[in-house]
Amino acid sequence: MASEQQEHHGGALSGNGSPGLWGALFGLIIAAFIAIPLSAAFSFATNPQTQQLFGGRLSEATEGGYVAFWWIVAIFLAALPFLVGFAVAKMSGKTLAIVGAIVALFVIAVLVMGQLFVF
C-alpha cells in the first residue's frame, strides 16, 4: 500500500510539471511579446532627441518628463516577464493579488506621469 501512495508534486498547469518551469515558460513567452516595445521604450528613454519624432503636445513636453516617462515604461516592460512567471509558478490567490497590485501601481504611475509630463 505504501507503494501505491505516491506524493503528488503537480505543477501549476499540469499534473506532472514543475511550477518553476511553467513560470519560466510563461515568462519567456511574455518576454518574446514585449521585446520590440521594450527596445523602443529603452531607446526613447536614452535618447531625448527622439521627442521630436512625436508631434503635438508630446514634442512640447519637458525633456525630463519625457525621459522619466519612457524609463518608467521600460522598467515596467522589463519586469513584466518576471512578474508573470512568478505569478504562474505560485498560482495562489495571494500571489496573484500581489502581482495584480504591482501591475496596477505601474499602470497608475505611467498614467500619472503621462498626464503630468507627456500628454
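Residues numbered from 1 in each chain as written. Predicted model: local features only at pLDDT ≥ 70, side-chain atom pairs only at ≥ 80, totals over all residues. Heavy atoms only, no water.

Chemist: Explain the overall build of the protein chain to me, please; I cannot follow it from the model alone.
Modeler: Helices and strands together make up the secondary structure of the protein chain, namely four helices and zero strands. Each helix and strand of the protein chain, ordered N terminal to C terminal, gives the series α-α-α-α. Within the span of the protein chain, comprising 119 residues, buried residues form 29% of the whole. Sequence-distant contacts in the protein chain: of pairs separated by 6 or more residues, those separated by 24 or more amount to 56%. (Helix = DSSP H or I, 4+ residues; strand = E, 2+ residues; numbered from the N terminus. Buried < 20%, exposed > 50% of the residue type's maximum accessible area, 1.4 Å probe, protein only. Contact = heavy atoms within 4.5 Å.)

Chemist: Where do I start with the packing of aromatic side chains in this structure?
Modeler: Aromatic rings considered in pairs are described by the distance between their centres and by the relative angle of their planes. Summed over the entire model, instances satisfying the criterion amount to six aromatic pairs. Taken together, a centroid distance of 6.3 Å and an interplanar angle of 45° make the contact between Trp-22 and Phe-26 tilted. Of the two residues, Trp-22 and Phe-26 are both situated in helix α1 (residues 19-46); the distance of four residues between them amounts to about one turn of the helix. Looking at Trp-22, the relative accessible area reads 26%, which means it is partly exposed. Arranged with centres 5.5 Å apart and planes meeting at 85°, the rings of Phe-42 and Trp-71 form a pair that is edge-to-face. Here Phe-42, found in helix α1, pairs with Trp-71, found in helix α3 (residues 63-90); they are 29 residues apart in sequence, far enough to count as distant. (Phe/Tyr/Trp six-rings, centres within 6.5 Å; stacked < 30°, edge-to-face > 60°.)

Chemist: Can you walk me through the side chain of Thr-50 in this structure?
Modeler: Within the element layout of this structure, Thr-50 appears in the loop between α1 and α2 (57-60). On the basis of relative accessible area, Thr-50 is assigned to the buried category, the value being 12%. A polar contact of 2.7 Å, which involves the side chain of Thr-50, links it to the backbone oxygen of Asn-47. (Polar contact = N/O pair within 3.5 Å; in protein donor to acceptor, adjacent residues only side chain to side chain.)

Chemist: Please clarify how a nonpolar patch on the surface should be interpreted in this entry.
Modeler: Residues Leu-25, Phe-26, Ile-29 and Phe-33 make up a contiguous nonpolar surface patch of roughly 380 Å² in combined accessible area. Judged by its relative accessible area of 30%, Phe-26 falls in the partly exposed class. (Patch = residues over 30% accessible without salt bridge, like charges linked within 9 Å, V, L, I, M, F, W, Y side chains within 5 Å. Areas by Shrake-Rupley, 256 points an atom, 1.4 Å probe, with all protein chains shown as cover. Salt bridge = Lys/Arg side-chain N within 4 Å of Asp/Glu carboxyl O.)

Chemist: I'm lost on the nonpolar core in this one. Help?
Modeler: The nonpolar side chains of soluble globular proteins are, as a tendency, buried together. If you look at the biggest cluster of nonpolar residues, it comprises 15 residues, and the most contacted ones within it are Ala-41, Tyr-66, Phe-69, Trp-70, Val-73 and Leu-77. Listing elements by their share of this core, those giving two or more residues are α1, α3 and α4 (93-118). Looking at this core element by element, the count peaks at nine residues for α3. (Core = buried A, V, L, I, M, F, W, Y, C linked by side-chain atoms within 4.5 Å.)

Chemist: Looking at this structure, I do not really get α3. What am I missing?
Modeler: Think of an α-helix as turning once every 3.6 residues; residues three or four places apart then point the same way. End to end, α3 covers 40 Å across 28 residues, agreeing with the expected 40 Å (1.5 Å per residue, within 8%). Downstream of α3 by a residue or two, Met-91 has a phi angle that is positive, lying close to 45°. (Expected span 1.5 Å × (residues − 1).)

Chemist: Explain the environment of Trp-71 to me, please; I cannot follow it from the model alone.
Modeler: Residue classification places Trp-71 among the partly exposed residues on the basis of a relative accessible area of 34%. Along the primary structure Trp-71 and Ala-45 are separated by 26 residues, whereas in three dimensions their C-alpha atoms are 5.4 Å apart. Leaving out residues up to four positions away in the same chain, Trp-71 has contacts with Phe-42, Ala-45 and Thr-46.

Chemist: Where do I start with the packing of α1 against α3 in this structure?
Modeler: A pair of packed helices is characterised by two quantities: the angle between their axes and the separation of those axes. At their nearest, the axes of α1 and α3 sit 6 Å apart, and the two run at 175° to each other. With respect to α3, the element α1 is oriented roughly antiparallel. Split by residue class, the contact of α1 with α3 holds 25 nonpolar, five polar and no charged. (Axes fitted to C-alpha atoms, helices over the stretch in contact; angles between N-to-C directions. Parallel < 35°, antiparallel > 145°, perpendicular 65-115°, else oblique. Nonpolar A, V, L, I, M, F, W, Y, C, P; charged D, E, K, R; others polar.)

Just geometry here; none of it tells us what the structure is for.
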